[in-house]
Amino acid sequence: MSSKIETLSGYFHDYQKSIVNPHRFWSRIAENSHWREKWTKVVEHDFKKLSIKWFIDGKLNITENIFEKNLFIFGDKPAIIWEANDPNEKGVTLSYRELFIEVCKFSNVLLKHGIKKGDRVILYMPMIPEAAIAMLACARIGAVHSIVFAGFSAQSLAERINDCDAKMVLTSDGNYRGAKVIPVKDVVDEALKQCSSVNKVIVVKRTKTEVTMKAHQDLWWHEEISEVSDVNIAETMDSEDLLFILYTSGSTGKPKGVVHTTGGYMVYTKYTFENVFQYSQGDVYWCTADIGWITGHSYIIYGPLLAGATTLMFEGIPTYPDAGRFWEIVDKYKVNQFYTAPTAIRALQTHGIEPVLKHSLASLKVLGSVGEPINEEAWHWYHDHIGKGRCPIVDTWWQTETGGIMLSPIAGVTPTKPAYATLPMPGILPVILDNDGVELIGNSVEGNLCIQFPWPSMIRTIYGDHKRCFETYFSQFPGYYFSGDGVKRDEDGYYRILGRVDDVINVSGHRLGTAEVENAINEHPLVVESAVVGFAHDIKGQGIYAYVICDMTNRSEASLNLEIREMVSNMIGPLAKPDIIQFVPDLPKTRSGKIMRRILRKIAENDTSNLGDTSTLLNPEVVDAIIKSVNKK
Ligand code: WT7
């Protein structure tokens, strides 16, 4: 059965079928994949006890669905087009056959070093083809990959390695990022001082940065790969065997290892990729995300490659060597589908349309947006100047936990509305609940975005902490998955995401927990206490505003400011550095000692006219003191 949606009535037709009989609907979609053994039951779930299983008893290997299944048809087709950071460096194109051979070889390297099915392997790598090869090699032998964005600090890397007891780390000597070279191997060395589970580190030579190679531990990728066979038989995986762990921030505690499993993730990422972007064979598709985030997993690697697409991987940044780089690449490779984040659009918008006008962009057919709410101004700029008014924008709402796109227009099929993620994908049953858990029926309502029925690529657990998974997503509104986002359903039944309703902030599309940033700030020896909130930021979407109580004796604000920012950078990574640090005498607290963030958010937004009821505060006088210190600045 073709699962391609081609018309609006076709969408409504498929949507209804998916809701009336999800078993039959997903069964038909899954039949398009290759299973070594077919499933005995499509889905079994219990959101109250938290057990979710898809394609039960099914046996498969996801890489067999990328390679063996397609090699006869797609063997010579480009699978990955890689563009280097430096526009003068020659790119690399790997056909499906060439990529397959590299994946087989690296699978054999992993096996040779004792990595077995179920073992965890950390990737701390730049956007180079080896990163894709490594992910797929893990999947091929049944090892669980966990990619840590290479901008995270040694401390964050160590926490993640220890949380999942990883046996191996894959990295590079250095990373190119615009004009900078970042010595990532040093970061790995630093992290490993705190980790005992890792016994091998494989290093890709990328920047020729000098590194120390520890005997019996550190190995060069190019040496290892030259010594193994290029034949590898894929491991048999159960549908519910782990495919990967990806750490993400929540409103409390340390980052959580979101677990995705094999069968459902495969079916859903392929289905949504083909439909949302309306990929046609021969198209060149480009998603600008980093593979360290879920977007890179689902829509640079797995979804596109399962669909036999040509996927472009870009090592660099949008503004190097200049703000026309994205558009230069679009023209160079005749990109047809382009998928990026609002923060990148807004950043490029500030450079004006000059850099855009130097390029034709005539190949573009579909534009995508992901990661944070897109403001109407950015939507129109993207639509008018990049899409020249002829490319539909798919504003795709989803999360690390959802594995794939949940709410989105189908390109060219669903009429779009600026800043709206529009309608649910087939199989997705969104509901809006008020704070008491009462479902808001009908249109023109807003509240908490929950999902009522399971979907194939949903989170199964948090690695090593099933209870936390239940508490985070399934306890506030029993019987539902709670996204943490606020949403509005307008008069046409279209969905618009309003942003997080919990203590998560979204900085340039990167998710951070306020508690996580506070913990890092509190590591500074002179800091007594801190409270972090988000505030509207023109480019980043949200910026980080930190209120800090600090012992300032004999110290200048400027030096403390620098030191605290440095501390956060070392503890988490540069992306978590506060934009504004406000030194305050005290923090507004309730009688039970809880920080009243609502008030701090309003002050950060410069909206102090209506602070609401402050009489229940333990220390109402502090609010005025904070406002005064803001005005003083
Ligand atoms: C959070 C998830 C989805 C992959 C990248 C981010 C926000 C994501 C949209 C959108 C408005 C969006 C939500 C969500 N978000 N896409 N199209 N419109 N908000 O994944 O790091 O797991 O973050 O990003 O707040 O909960 P993530």
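Above this text you will find the structure in question.
The structure reproduced in this document is the subject of the present report. These figures come from a predicted structure and were not determined experimentally. (Residues numbered from 1 in each chain as written. Predicted model: local features only at pLDDT ≥ 70, side-chain atom pairs only at ≥ 80, totals over all residues. Heavy atoms only, no water.)

## Some remarks on empty space enclosed by the protein
The following threshold applies: A cavity here means a set of points on a 1 Å grid, drawn over the protein atoms and nothing else, where a 1.4 Å probe fits but cannot get out; a pocket is an open set with protein on both sides within 12 Å along at least five of seven lines, and a residue lines either one if it has an atom within 4 Å of a point. Grid points are joined across faces, edges and corners, and a volume is the space filled by probe spheres set on the points. Residues are sorted three ways: Asp, Glu, Lys and Arg are charged, Ala, Val, Leu, Ile, Met, Phe, Trp, Tyr, Cys and Pro are nonpolar, and all the rest, Gly among them, are polar.
Under the defined criterion, the tally for this structure stands at 1 cavity of 30 Å³ or more. In this structure, the largest cavity spans a volume of roughly 50 Å³. Contributing to the lining of the largest cavity are Ser 3, Ile 29, Asn 32, Ser 33, Val 267, Lys 270, Tyr 271 and Glu 274. Across the lining of the largest cavity, the residue classes break down as 3 nonpolar, 3 polar and 2 charged.

## Brief notes about the sheet that holds strand β24 (residues 481–489)
For clarity, the cut-off: Here the rule is simple: two strands pair whenever DSSP picks up at least two bridges between them. Each helix is a run of H or I in the DSSP string that is no shorter than four residues. Each strand is a run of E no shorter than two, and both are numbered from the N terminus. Each axis is a line fitted through C-alpha atoms, and for a helix only the stretch in contact is used; angles between axes span 0 to 180 degrees, taken between their N-to-C directions.
What the 4 strands build is an open sheet, ordered β21-β22-β24-β25; its pairing is antiparallel. At either end of the open sheet lies a strand with only one pairing partner, and these are β21 (430–433) and β25 (495–500). Neighbour-to-neighbour, the strand axes of this sheet turn through a mean angle of 45°, independent of strand direction. Where β24 and β25 come together, 5 bridges link them in antiparallel fashion. Residue Lys 488 lies in a different strand from β25, and its bridge partner there is Arg 496.

## Brief notes about the environment of Asn 336
Heads up, the rule is: Burial classes: relative accessible area under 20% of the type maximum marks a residue as buried, over 50% as exposed, and values in between as partly exposed (1.4 Å probe, protein chains only). Here, two residues are considered to be in contact whenever any of their heavy atoms come within 4.5 Å of each other. Pairs of N or O atoms within 3.5 Å make up the polar contacts considered here, provided that, within protein, one atom can donate a hydrogen while the other can accept it, and that residues adjacent in sequence are counted only when both atoms are side-chain atoms.
Relative to the elements of secondary structure, Asn 336 occurs in the loop between α12 (325–333) and β18 (337–340). We classify Asn 336 as buried; its relative accessible area is 12%. The spatial distance from the C-alpha of Asn 336 to the C-alpha of Ile 66 is 21 Å, given a sequence separation of 270 residues. Filtering out sequence-adjacent residues up to four positions away, Asn 336 remains in contact with Gly 282, Asp 283, Val 284, Ser 363, Leu 364, Lys 365 and Val 366. Polar contacts involving the side chain of Asn 336 include one to the main-chain carbonyl oxygen of Ser 363, which spans 3.1 Å.

## Considerations on the environment of Val 438
Along the chain, the position of Val 438 falls in the loop between β21 and β22 (445–451). The class for Val 438 is partly exposed, based on a relative accessible area of 46%. Through-space distance from the C-alpha of Val 438 to that of Ile 386 is 42 Å; in sequence the pair is 52 residues apart. Setting aside chain neighbours within four positions, we find Val 438 in contact with Ile 432 and Leu 433.

## A few points about the site of the ligand
Inclusion rule: Note on definitions. A residue lies near a molecule or strand when any single heavy atom of the residue is within 4 Å of it. Note on areas: Shrake-Rupley, 1.4 Å probe, and residue coverage restricted to the protein chains presented here. Here the bounds of each domain stem from an automatic or database domain assignment.
Around the ligand lies a shell of 17 residues, among which Asp 395, Thr 396, Thr 400, Asp 485 and Arg 511 are the nearest. In the environment of the ligand, a nitrogen atom lies 3.1 Å from a nitrogen or oxygen atom belonging to the backbone of Gly 371. Taking Pro 373, its main chain carries an N or O atom lying 3.3 Å from a nitrogen atom of the ligand. Burial of the ligand by the protein amounts to 95% of the accessible area it has alone, namely 550 Å². Of the residues assigned to the shell around the ligand, the class counts are 6 nonpolar, 6 polar and 5 charged. Summarising the domain contributions, the shell around the ligand has at least three residues from each of domain 1 (1–61 + 242–274 + 416–502) and domain 3 (277–395).

## Quick word on the pattern of salt bridges
Stated precisely, the cut-off is as follows: When a carboxyl oxygen of Asp or Glu is within 4 Å of a side-chain nitrogen of Lys or Arg, the pair counts as a salt bridge.
All told, the structure shown has 37 salt bridges when counted by the stated rule. Lys 185 is paired through a salt bridge with Asp 189; the nearest N and O atoms lie 2.7 Å apart. Placement of the pair is Lys 185 and Asp 189 together in helix α8 (residues 184–192), with a separation of 4 residues, close to one helical turn. With a relative accessible area of 0%, Lys 185 lands in the buried category. A relative accessible area of 24% places Asp 189 in the partly exposed class. Notably, a salt bridge pairs Lys 540 with Asp 579, separated by 2.6 Å at the nearest N-O pair. Taken together, the positions of Lys 540 in the loop between β28 (527–537) and β29 (541–550) and Asp 579 in the loop between α18 (557–571) and β30 (580–583) put the pair 39 residues apart, joining distant regions of the chain.

Interpretation in functional terms is not warranted from these geometric data alone.
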